[in-house]
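The primary structure of each chain is shown beneath.
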Amino acid sequence: MAGIEDPVGPGTLDWQVLPGRPALTEVPGVDGIAGACAWLSESAPELRRALRQFGAVYLRGLPLSTVEDFARVRDVLITEPTPYREKATPRSDFGDGVFSSTDLPASQPIHMHNENSYTLTFPGLLLFGCLTAPREGGATPVADCRKVLAALPARTVQRMREVGWLLTRSYSEYISTDWRTAFATGDQAEVERYCKENLIAHEWQPDGNLTTSQRRPGIISHPVTGEQVWFNHLAFWNEWSLDEELRQTLVDEFGRDRLPFNTSLGDGLPLTAGELREIRAAYDAATVRQPWQPGDLLVVDNILTAHGRDPFQGDRRIVVAMGEPVELSDCRPTVEPAAAFAG
């Protein structure tokens, strides 16, 4: 869906675009999941066009109640799955390419990001399906990355255009994700081979843990629309995104070079807390959210749109699928990716 040219002609779907809310359309009465799949197949060209315009769209009223229902819908909208590479957060694997959106604690917000922005191949399309809506909170907010780019300070944009951003990860079974889980192998030689092929600098620590670093462009162009976007995890994984007490504890214990995650601009100079606040403000200004209802399907163009998760109370079961892989090299990056440690 993400890699097909936009259709032309008048639309028939009624899109509701309310202040602070993403575009939403009500699905007409359909006959079970088979009828839903038929409707989605017929509506796919218009959904694709709306996705280019809005970056993310909600479909309300689908008869989604099981993982199997979601997988059938996924197969209509996604023609090629994207593997989940360089795993960073815990997810439950429900089989058949369907995962939980995240298994991080309910009280913990997930900051805005583009899925797998640090990999050389990333999903162009994300699907989120609501099987159980939380009692309170738990929305999946989305932010138009075209608007984020336009709202950022000129000096930050210029630096990102010139040097990109650096991601440094320290893998450990005691905090964050261990390297065996992240790379889906227990073979160090296989990890080294992956790092070499994917332009990731790596260093084995005396205790057997792994540290990696990679330079990536933070501004790319959508391969279909040509629009430039802010596309990265710079703010999400920066040390200043942590609770201050936790940040200081981790820095004291491990040092900035061995935090589970840390980021900087590609020149290696650390972000200040003030610069992070400016980036967060640009995301906040572009962010919209829709409370989940059972059966909702959120379709996200992963290049045009960042997403996150609000804290919640009560049961929440949101499943996700990723597909339509996009090569970074097809997105006219302003900086070439490279294996690099800071300094």
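Up top you'll find the structure we're talking about.
Residues numbered from 1 in each chain as written. Predicted model: local features only at pLDDT ≥ 70, side-chain atom pairs only at ≥ 80, totals over all residues. Heavy atoms only, no water.

(A) Geometry of the pattern of salt bridges. For the coordinates displayed, the defined rule picks out 12 salt bridges. Arg 74 serves as the salt-bridge partner of Asp 75, at 2.6 Å between the closest nitrogen and oxygen. For Arg 74, a relative accessible area of 8% gives the class buried. A cluster of three or more residues bridged by salt bridges with shared partners is formed by Arg 74, Asp 75 and Asp 96. (Salt bridge = Lys/Arg side-chain N within 4 Å of Asp/Glu carboxyl O. Buried < 20%, exposed > 50% of the residue type's maximum accessible area, 1.4 Å probe, protein only.)

(B) Region of the structure containing helix α8 (residues 273–286). Taking 1.5 Å of rise per residue, the 14 residues of α8 would be expected to cover 20 Å, and the 20 Å separating its terminal C-alpha atoms lies within 8% of that figure. Burial in α8 covers these residues: Glu 275, Leu 276, Ile 279, Ala 282, Tyr 283 and Ala 286. In an axial view of α8, the angular spread of the buried residues amounts to 120°, which keeps them on one side of the axis. Within α8, the exposed residues directed more than 90 degrees away from the buried face are Arg 277, Asp 284 and Ala 285. (Helix = DSSP H or I, 4+ residues; strand = E, 2+ residues; numbered from the N terminus. Expected span 1.5 Å × (residues − 1). Arc of directions from axis to C-beta.)

(C) Layout of helix α4 (residues 154–163). Listed in full, the buried residues belonging to α4 are Thr 156, Val 157 and Met 160. The buried residues of α4 all sit within an arc of 100° when viewed along its axis, so they share a single face. Of the residues in α4, the exposed ones pointing more than 90 degrees away from the buried face are Ala 154 and Glu 162. Where α4 is buried, its residues meet α3 (145–151), β9 (165–171), β12 (219–221), β13 (228–230), β14 (261–265) and α8. Phi for Gly 164, located one or two positions after α4, is positive at around 70°. (Contact = heavy atoms within 4.5 Å.)

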